[in-house]
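Each chain, letter by letter, is given below.
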2 protein chains.
Amino acid sequence: MKICKVPGGVTTPKGFKAACCAAGIKYKGRTDMAMIVSSAPCAVAGTFTTNKVKAAPVLWDMDVVYKNRTAQAVVVNAGIANAATGKTGLDICQKTADFAGATLGVTAGSVLLGSTGVIGPNLPLDRIQAGVKTMAGTLSDAMEAGTAASKAIMTTDTVNKEFAVEFELPGADGGSVTVHMGGMSKGSGMIHPNMCTMLGYVTTDCAIDQALLQKALSSVVPDTFNMITVDGDTSTNDTLLVLANGMAGNAPIADMNESYAIFCEALFSICRDLAVKMAEDGEGATHLLEMRVYNADTKENARTLAKSVVGSSLVKAMVFGKDANCGRILCALGYAGPDFDPSKIEVHLHGEKDTLCFYENGCIQAFDEEKALKILSEKAVRFSCNMNMGDQEATAWGCDLTYDYVKINGDYRT
Amino acid sequence: MKICKVPGGVTTPKGFKAACCAAGIKYKGRTDMAMIVSSAPCAVAGTFTTNKVKAAPVLWDMDVVYKNRTAQAVVVNAGIANAATGKTGLDICQKTADFAGATLGVTAGSVLLGSTGVIGPNLPLDRIQAGVKTMAGTLSDAMEAGTAASKAIMTTDTVNKEFAVEFELPGADGGSVTVHMGGMSKGSGMIHPNMCTMLGYVTTDCAIDQALLQKALSSVVPDTFNMITVDGDTSTNDTLLVLANGMAGNAPIADMNESYAIFCEALFSICRDLAVKMAEDGEGATHLLEMRVYNADTKENARTLAKSVVGSSLVKAMVFGKDANCGRILCALGYAGPDFDPSKIEVHLHGEKDTLCFYENGCIQAFDEEKALKILSEKAVRFSCNMNMGDQEATAWGCDLTYDYVKINGDYRT
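Structure report, in brief. Note that the structure is predicted; figures quoted are calculated from it, not measured.

### Let's talk about the overall build of chain A
- A tally of regular secondary structure across chain A gives 11 helices and 15 strands.
- The C-alpha radius of gyration of chain A comes to 22 Å, within 12% of the 22 Å expected for a compact globule of 414 residues.
- With 414 residues in all, chain A has 63% of them scored as buried.
- Total accessible area computed for chain A in this model is approximately 14,100 Å², and 52% of it derives from carbon and sulfur atoms.
- Averaged over its 36 positive side-chain charges, chain A has a centre that lies 6 Å from the centre of its 45 negative ones.

Now the structure itself:
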C-alpha cells in the first residue's frame, strides 16, 4: 500500500471548498477568518482538549461530533479564543452557526466552529457574521483557497501548516479509485495537546462509516498530536476534526478491513506531519527537537519518557544554546515516572551524518565537542534512548526555549 | 506555642560547627565546599530525589539515613554533581567519607555527602580531600561560619539561603529549655522537588527520637519544598537532611506529644522559608510567584492545582511581562487534572494594598488595567483561587520566566 504526498491541503479532496477573509476580529491588515464547506454531508470525527476549562466552540463541536455525527461546514476565527466567556460565549456560537447555516443552506447543527486567540474577551458577533457572508461568496476548490485558509487561522505561528496525500482504494463499482486526504492546522504556543491539538482540520473524500472514522482518528492521535509539546500548557481550545464526504467513490469502509488500515496510515501521515510542523514552529523556536525512545517495556512508558525529554525546560534551553549538556536528558528521563535501570540505557545524539554516544554503562561518555556543536547547529536536533527493556517505541517532538518565547509570551495581549 | 525567628543558620543550634573553603572543584575565586560537624552524634532524617537517575551522594546518604540512622558530619561541594558517574562516582563517595571520618575522628558511615553542579564529570578526589582537611582545621560555631557555608554551596543562586528559629520545650530535668533549629539550602534551576529538594540542611539541638524526626520531616515536606517549582525539572541530586544532636537538654521527644507538634511547627517554618527563598531566587527570576488554592475538595487536589499554575510557562512569562493575561491561570487550572466546575470558581490577584477579581461566574471579569499593572510590578505576585468545593487549601511558589533563565541555561557548562 502506498500513501503519496501531493500538493495542497483541505481543498485537495473532491467536493471541499475553502475561503477566508479579514474580518477585523483583533488583527489589522491580515486575514483572520476561514471557512471549509463540503458539497455533500460528511461523516465527522473529533478529539478535543482535556482541559476542564473548555472554550465555547469546543463545547459546540463536541455536541456536533458526538450527537449529530455529521457536518458540512467549518467556520474558524483567529484573535479571540471565545474561552472563559460563560453563557455569552455559547450564545455567540449558536448565533454564528445559525447565520452560517442559513447563508450556506445547511442546518446549524452541521456547522463546526473554531476559535483561537486571547482567552476572556467576547467575539464581535457582527464582524463574525459579516465575515461568514463574505466567505460564503468567495468559496473555491482551488488549492490556493486551502492555503489561504491555513494562513487565516494563524496566531503566533510563523508559517502556515498544510499537508495532503492520496492513495488507492477498491472502488464502489469495482476496480480502484484514488482517495484524497488533506489537512491544515495552527498552533505555536500553549501547545501540549492531550487527546487533541490546537486547531486542526482534515478533509477527505473517502467513504467511511462515522464510527470507524472516529476510531481511526482516536488511534492516530496518541502518537502524533499528543506527542508534541511547546510549553507544556494544554490549551482551552484544542480541537482536531476530520470530515469525510465520501465523494471519492470508493467502496465505503464499514469494517476494519485492509482499506481501513490504508486509511489509518494516510490519516497518521497527515497528523504526524501537521504535528511536527507545529512543534517546529513553536513560539520563538530556532530548532525542532526530537526524542525517540525505543526498546521500552510498554508503549505508554516510551511515550512518557520521550515527552518528558522534549518538555524539559533545561533540555530546551540547552538545544537553544547548542550546549551538549547531556546530563539534562538523563535527568528528564529519570523524573518522567517510568521505572528503569540507569546503568542499562544508552543515549545518542543523531546528526544528518554523525551519531554521538552521550551515555552508556551508567556514565556520561566523553565525546567530540566539535562534532556535537556541529550536530546541535542543525535545524532538527534528534536524540534517542535505547531502554534495553522490551520492544516498544515512541517519538516525541518539541522545540528549543528561546529569548523570543519569553518575549512573545511576556507581552501577548498588547 | 511560639516559634521565634532568630539570626543565623546551621550553626545556631548548640554543638554545631561549620566551615568552608575554595577547593577549586570548578569555580575560580570563590568558596565551593562546605562542612557541618556536630560535637555529638545526631539522629538523622532525610528526603531524597524521586528521579530514577540518582546521583552517587544521594545513594550514599540514603544508606546513612535509612540504615545507620545516625550521623555527625556533612561534606558538600558545588560545581560538579557527581551524577551519571557510575561506579567511579560511588567509589569517590566512599573515599571522601573515609577521609573525612578519619580526619574528624568519626566513622565513615556517619559522614553525609552532598554534590551539586554539572551532571557527568567525575569529582577530583585529591581536591575534595584537600578541602576536607582545610575545613576540618577551621570549624567554627560562629554565626558567620554558617553563613559562609551557605554561600559556598551556591551554584546559579544569586543569594544564599539560611534561616533559624528558637522555641521552648519542657527540659529533661523539669522547667523549660530553649531549643534551636537552623537551616541552609541552595537551588535556583532544575527545581521541581518531588519528596525532597535540591540541597537543604537543617540542624537542631533538640533531643528527638530518629523515627519521629523522619516522620516530622516527611510531614512538612509536601507543603514546603514539594510546593515550589522553577522549571519543572526534578534534579538527580535533591537532598534534604535534618540532624538533631539533642544538646538543648529538652526532655527527649519520644512520642507524638505537644513537644512533637511544636517541633513540627518549627521545622515547617524553616522548610517553608528556605523553599520560598529558592523559588524567589529561581534562575533569572525577577518575581516571586505565589498561588493559593482554597476551598478545594481534597488537599492533594489543592496542591496539584496550585502547582500547575506556578509551573505554567505561559503564566510565568506573563508575570515577567507584567501582562494581566489572566486566561492563562484558568487554562493552567483546567489542565492540572482535578475535576471542577469552571462556572463556580473565583480567581483573584492580590497586591500589597489592592485585590482584583479576574474571574467569576464562568467569565473573565473587567478590571482596572492600571491597578493590575501596579500589582504585577510588585516583587511578589500573588494569585488565589476559591474552588468553592470544600475546605482544603494549599499554596505553591514559583518565579517568572525571563530572558535570563534562557541565557543561564543555554550556556551552563561553559
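### Considerations on the interface of chain A and chain B
- Facing 55 residues of chain A, the contacting portion of chain B comprises 55 residues.
- Both sides together, the interface formed by chain A and chain B hides about 4,300 Å², and carbon and sulfur atoms give 60% of it.
- Summed over the shared surface of chain A and chain B, the number is 14 residue pairs in polar contact (both at pLDDT 80 or more).
- Counting residues per element, the ones that place at least two in the side of chain A that touches chain B are α8 (313-320), α9 (327-334), β13 (363-364) and α11 (403-410) of chain A.
- Looking at which element gives the most residues to the side of chain A that touches chain B, the answer is α11 of chain A, with 6 residues.

### Observations concerning the layout of surface pockets
- Volume-wise, the second largest pocket comes out at about 260 Å³.
- Along its surface, the second largest pocket is lined by 18 residues, and Pro342 and Gly362 of chain A together with Lys54, Leu59 and Gly86 of chain B are the ones closest to its centre.
- Mapped onto the lining of the second largest pocket, the elements with two or more residues apiece are α1 (56-68) and α2 (86-104) of chain B.
- Counted by class, the lining of the second largest pocket contains 9 nonpolar, 6 polar and 3 charged residues.

### Overview of the pairing of strand β9 (residues 239-244) of chain A
Residue and element names in this part refer to chain A.
- Burial of β9 is extensive: 6 of the 6 residues sit out of reach of the surface.
- Burial along β9 is two-sided: the residues Thr239, Leu241 and Leu243 and Leu240, Val242 and Ala244 are all buried.
- Here 6 bridges tie strand β3 (residues 33-48) to β9, and the two strands are oriented antiparallel to one another. Residue Phe48 lies in a different strand from β9, and its bridge partner there is Thr239.

### Some words on the side chain of Thr116 of chain A
Residues and elements named next belong to chain A.
- Within the secondary structure, Thr116 is located in strand β5 (residues 111-118).
- Only 2.8 Å separates the side chain of Thr116 from the side chain of Lys186, close enough to count as a polar contact.
- If we skip the residues at most four places from it in the chain, Thr116 touches Asn77, Ala78, Gly79, Ile80, Ala81, Ile153, Thr155, Lys186, Met198, Leu199 and Asn237.

### Overview of the relation of the copies chain A and chain B
- At an RMSD of 0.0 Å, chain A and chain B line up after a rotation of 180 degrees and a shift of 0.0 Å along the axis. Expressed as an axis order, the relation between the two copies is that of a two-fold axis. Minimal C-alpha distance to the rotation axis in chain A is attained by Tyr403 of chain A, lying at 2.6 Å.

### With respect to the pattern of salt bridges
- One pass over the full model with this rule turns up 22 salt bridges over all chains.
- The partner of Lys67 of chain B in a salt bridge is Asp63 of chain B, with the nearest N and O atoms 3.2 Å apart. A residue pair is termed a helical-turn pair when its members lie 3 or 4 positions apart in one helix, as Lys67 of chain B and Asp63 of chain B do in helix α1 at 4 residues.
- It is possible to trace a salt-bridge network through shared partners that takes in Asp223, Lys299, Glu300 and Arg303 of chain A.

### Regarding unusual backbone geometry
- If you check the backbone angles, Asn361 of chain A has positive phi at about 50 degrees while not being a glycine.
- Its place among the elements puts Asn361 of chain A in the loop between β12 (355-360) and β13.
- Residues other than glycine seldom take positive phi values, yet Arg69 of chain B does so here, at roughly 60 degrees.
- A residue is classified by how much of its surface remains accessible, and Arg69 of chain B, at 47% relative accessible area, is partly exposed.

### Considerations on helix α4 (residues 143-152) of chain B
- Taken as a whole, α4 of chain B has its buried residues at Ala145, Gly146, Thr147, Ala149, Ser150 and Ala152 of chain B.
- In this structure, the buried side of α4 of chain B is in contact with β2 (16-21), β3 (33-48), β4 (70-80), β6 (161-170) and β7 (176-186) of chain B.

### Let's talk about the sheet that holds strand β11 (residues 346-350) of chain B
Residues and elements named next belong to chain B.
- Across the sheet, which stays open at both edges, the 6 strands sit in the order β13-β12-β11-β14-β10-β15 with mixed pairing between neighbours. Of all strands in the sheet, those with a lone pairing partner are β13 (363-364) and β15 (392-399), marking the two edges.
- Relative to β15, strand β10 (residues 288-296) is paired through 7 bridges, and the arrangement is antiparallel. Paired with Val293 across the two strands is Ala394, which belongs to β15.
- Of the strands in this sheet, β10 and β15 touch helix α7 (residues 299-311), which is tilted by about 20 degrees from β15.
- Running at roughly 125 degrees to β11, helix α9 (residues 327-334) makes contact with β10, β11, β12 (355-360), β13 and β14 (380-386) of the sheet.

### Concerning the packing of aromatic side chains
- Inspection of the entire model under this criterion finds 9 aromatic pairs over all chains.
- Consider the rings of Tyr403 of chain A and Tyr403 of chain B, whose centres lie 6.2 Å apart with planes at 75 degrees: the pair is edge-to-face. One end of the pair, Tyr403 of chain A, is in helix α11; the other, Tyr403 of chain B, is in helix α11 (residues 403-410), on a second chain.
- For Tyr403 of chain A, a relative accessible area of 32% gives the class partly exposed.
- Among the aromatic residues, those joined into a ring-pair cluster are Phe320 and Tyr403 of chain A together with Phe320 and Tyr403 of chain B.
- Taking the ring centre of Tyr27 of chain A as reference, the NZ or CZ of Arg30 of chain A above it sits at 4.1 Å.

### Concerning the packing of helix α1 (residues 56-68) of chain A against helix α2 (residues 86-104) of chain A
Residue and element names in this part refer to chain A.
- Packing of α1 against α2 brings their axes to within 8 Å, and their N-to-C directions diverge by 55 degrees. On the basis of the axis angle, α1 is oblique to α2. At the point where α1 passes α2, the crossing takes the right-handed sense. The segment α1 lies against α2, with Ala56, Pro57, Leu59 and Trp60 engaging Gly89, Leu90, Cys93, Gln94 and Ala97.
- Broken down by class, the residue content of the contact of α1 with α2 amounts to 7 nonpolar, 2 polar and no charged.

### Here we look at the packing of α7 of chain B against α9 of chain B
All names here are of chain B.
- Running from N to C, α7 and α9 point in directions that differ by 135 degrees, and their axes come no closer than 8 Å. With respect to α9, the axis of α7 lies oblique. Crossing of α7 over α9 shows right-handed handedness. Facing Leu305, Ser308 and Val309 of α7, the residues of α9 in contact are Ile329, Ala332 and Leu333.

### So, the sheet that holds strand β14 (residues 380-386) of chain A
Residues and elements named next belong to chain A.
- Ordered by their spatial adjacency, 6 strands build an open sheet running β13-β12-β11-β14-β10-β15, and the pairing between neighbours is mixed. Where the open sheet ends on each side, the last strands, each with one partner, are β13 and β15 (392-399).
- This element, helix α6 (residues 258-280), spans β10 (288-296) and β15 of the sheet and lies at about 40 degrees to β15.
- Its contacts with the sheet put helix α10 (residues 369-376) on β11 (346-350), β12 and β14, and the angle it makes with β11 is roughly 65 degrees.

### Here we look at the environment of Ala275 of chain A
Residue and element names in this part refer to chain A.
- One can find Ala275 in helix α6.
- A relative accessible area of 0% places Ala275 in the buried class.
- C-alpha separation for the pair Ala275 and Phe225, spaced 50 residues apart in sequence, amounts to 5.1 Å.
- In this structure Ala275 touches Thr224, Phe225 and Ile228, once residues within four positions along its chain are discounted.

The rules we used
- Residues numbered from 1 in each chain as written.
- Chains lettered and ligands numbered in written order.
- Predicted model: local features only at pLDDT ≥ 70, side-chain atom pairs only at ≥ 80, totals over all residues.
- Heavy atoms only, no water.
- Helix = DSSP H or I, 4+ residues; strand = E, 2+ residues; numbered from the N terminus.
- Rg over C-alpha atoms; globule rule 2.2 N^0.38 Å.
- Buried < 20%, exposed > 50% of the residue type's maximum accessible area, 1.4 Å probe, protein only.
- Areas by Shrake-Rupley, 256 points an atom, 1.4 Å probe, with all protein chains shown as cover.
- Lys, Arg positive; Asp, Glu negative; His and termini not counted.
- Charge placed at Lys NZ, Arg CZ, Asp CG, Glu CD.
- Contact = heavy atoms within 4.5 Å.
- Buried area = accessible area lost by both parts, 1.4 Å probe.
- Polar contact = N/O pair within 3.5 Å; in protein donor to acceptor, adjacent residues only side chain to side chain.
- 1 Å grid on protein atoms, 1.4 Å probe; cavity = no way out; pocket = protein on both sides within 12 Å on 5 of 7 lines; lining within 4 Å.
- Points joined across faces, edges and corners; volume = space filled by probe spheres on them.
- Nonpolar A, V, L, I, M, F, W, Y, C, P; charged D, E, K, R; others polar.
- Pairing = 2+ DSSP bridges.
- Least-squares fit on C-alpha atoms with pLDDT ≥ 70 in both.
- Salt bridge = Lys/Arg side-chain N within 4 Å of Asp/Glu carboxyl O.
- Axes fitted to C-alpha atoms, helices over the stretch in contact; angles between N-to-C directions.
- Phe/Tyr/Trp six-rings, centres within 6.5 Å; stacked < 30°, edge-to-face > 60°.
- Lys NZ or Arg CZ within 6 Å of the ring centre and 35° of its normal.
- Parallel < 35°, antiparallel > 145°, perpendicular 65-115°, else oblique.
- Left-handed = near helix turned anticlockwise from the far one by under 90°.

By themselves these figures say nothing about function.
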